[in-house]
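Given next are the chains, with one letter for each unit.
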Amino acid sequence: MITYSAENVKMPQIRRRDTTAWIRRVAATYGRKVGEVGYLFCNDEKILEVNREYLQHDYYTDIITFDYDEGDEINGDLVISLDTVRSNAEQLGKPYDEELHRVIIHGILHLCGINDKGPGEREIMEAAEDRALAMR
């Protein structure tokens, strides 16, 4: 089950049923099933609080992924700052909706085992995001 909630922000206008089906399709391409995945959309202040409390990081980010995977089933909590998504979209010259969906699937790709911190990993993640966005 995939759940969507918002704290300190208005829920983004995403088609939940379509987004859920898309997430399931993307996960299936990695041989994974979707278990319990929870999205929390929030503002910069909330994501900074989560980053400090759980990761001891003192900076803003667009998404934090908490991975609770079990076998071939993905499970996790994904915290997304809509403030950062909006500012990233503006900086990149991308539509907000496209950047929001890129971040939504970014967390799922992490749950599917794709990383983006090591050498060459960012390019692999970006290619995976592009393939997933093409599946929407």
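Residues numbered from 1 in each chain as written. Predicted model: local features only at pLDDT ≥ 70, side-chain atom pairs only at ≥ 80, totals over all residues. Heavy atoms only, no water.

**Student:** Even after reading the chapter, I still don't get the environment of Met125, so can you show me in this structure?
**Tutor:** Note on placement: Met125 falls in helix α5 (residues 121–134). Taking the C-alpha atoms as reference, Met125 lies 17 Å from Trp22; in sequence the two are 103 residues apart. Residues in contact with Met125, not counting those within four places in the same chain, are His106, Leu109, His110, Ile114, Asn115 and Asp116. (Helix = DSSP H or I, 4+ residues; strand = E, 2+ residues; numbered from the N terminus. Contact = heavy atoms within 4.5 Å.)

**Student:** How should the sheet that holds strand β4 (residues 73–81) be read in this particular structure?
**Tutor:** One key point about sheets: their strands pair by backbone hydrogen bonds, in either a parallel or an antiparallel sense. Across the sheet, which stays open at both edges, the four strands sit in the order β1-β2-β4-β3 with mixed pairing between neighbours. At either margin of the open sheet sits one strand with a lone partner, and together these are β1 (2–6) and β3 (63–67). Within the sheet, the average angular offset between the axes of one strand and its neighbour, ignoring direction, is 15°. Of the pairings in the sheet, the one linking β1 to strand β2 (residues 33–42) comprises five bridges and is parallel in character. Across the sheet, the residue bridging to Ile2 is Val37, located in β2. (Pairing = 2+ DSSP bridges. Axes fitted to C-alpha atoms, helices over the stretch in contact; angles between N-to-C directions.)

**Student:** Before we go on, may I ask you to explain the pattern of salt bridges in this structure?
**Tutor:** It is possible for side chains bearing opposite charge to pair when their charged atoms get close. On inspection of all chains with the given rule, the structure shows 10 salt bridges. Across the pair Arg15 and Asp18 runs a salt bridge whose closest N-O atoms are separated by 3.9 Å. A relative accessible area of 66% places Arg15 in the exposed class. Of the residues examined, Asp18 reaches a relative accessible area of 45% and is grouped as partly exposed. Here Glu49 ties to Lys46 by a salt bridge, and the two come within 3.3 Å at their closest N and O atoms. With a gap of three residues between them, Glu49 and Lys46 both fall in helix α2 (residues 44–55), about one helical turn apart. With a relative accessible area of 41%, Glu49 lands in the partly exposed category. Within this structure, Glu7, Lys46 and Glu49 form a network of salt bridges that share partners. (Salt bridge = Lys/Arg side-chain N within 4 Å of Asp/Glu carboxyl O. Buried < 20%, exposed > 50% of the residue type's maximum accessible area, 1.4 Å probe, protein only.)

**Student:** Sorry, what's going on with the packing of aromatic side chains here?
**Tutor:** For any pair of aromatic rings, geometry is given as the distance between the ring centres together with the angle between the planes. According to the stated counting rule, one finds three aromatic pairs in the structure shown. Aromatic pair Tyr4 and Tyr39: ring centres 5.5 Å apart, planes at 10°, arrangement stacked. On the criterion of sequence distance, the pair formed by Tyr4 in strand β1 and Tyr39 in strand β2 is long-range, its members being 35 residues apart. With 5.7 Å between their ring centres and 80° between their planes, Tyr54 and Phe66 make a pair best called edge-to-face. One end of the pair, Tyr54, is in helix α2; the other, Phe66, is in strand β3, and 12 residues separate them in sequence. Feature note: the residues Tyr4, Tyr39 and Phe41 constitute an aromatic cluster, connected by ring pairs. Over the ring of Tyr96 we find Arg86; its NZ or CZ atom is 4.0 Å from the centre of that ring. (Phe/Tyr/Trp six-rings, centres within 6.5 Å; stacked < 30°, edge-to-face > 60°. Lys NZ or Arg CZ within 6 Å of the ring centre and 35° of its normal.)

**Student:** Which parts of the structure should I look at to understand the packing of helix α4 (residues 96–111) against α5?
**Tutor:** How two helices sit against one another is set out by the angle between their axes and by the gap between those axes. The geometry of α4 relative to α5 is characterised by a closest axis approach of 9 Å and an angle of 115° between their N-to-C directions. In terms of crossing hand, the pair formed by α4 and α5 is right-handed. Residue-level contacts link Glu98, His101, Arg102, Ile105, His106, Leu109 and His110 of α4 to Met125, Glu126, Ala128, Glu129, Asp130, Ala132 and Leu133 of α5. (Left-handed = near helix turned anticlockwise from the far one by under 90°.)

**Student:** How do you make sense of the environment of Asn88 when you look at a structure like this?
**Tutor:** Here Asn88 shows up in helix α3 (residues 82–92). Placed 62 residues apart in sequence, Asn88 and Val26 show a C-alpha to C-alpha distance of 23 Å.

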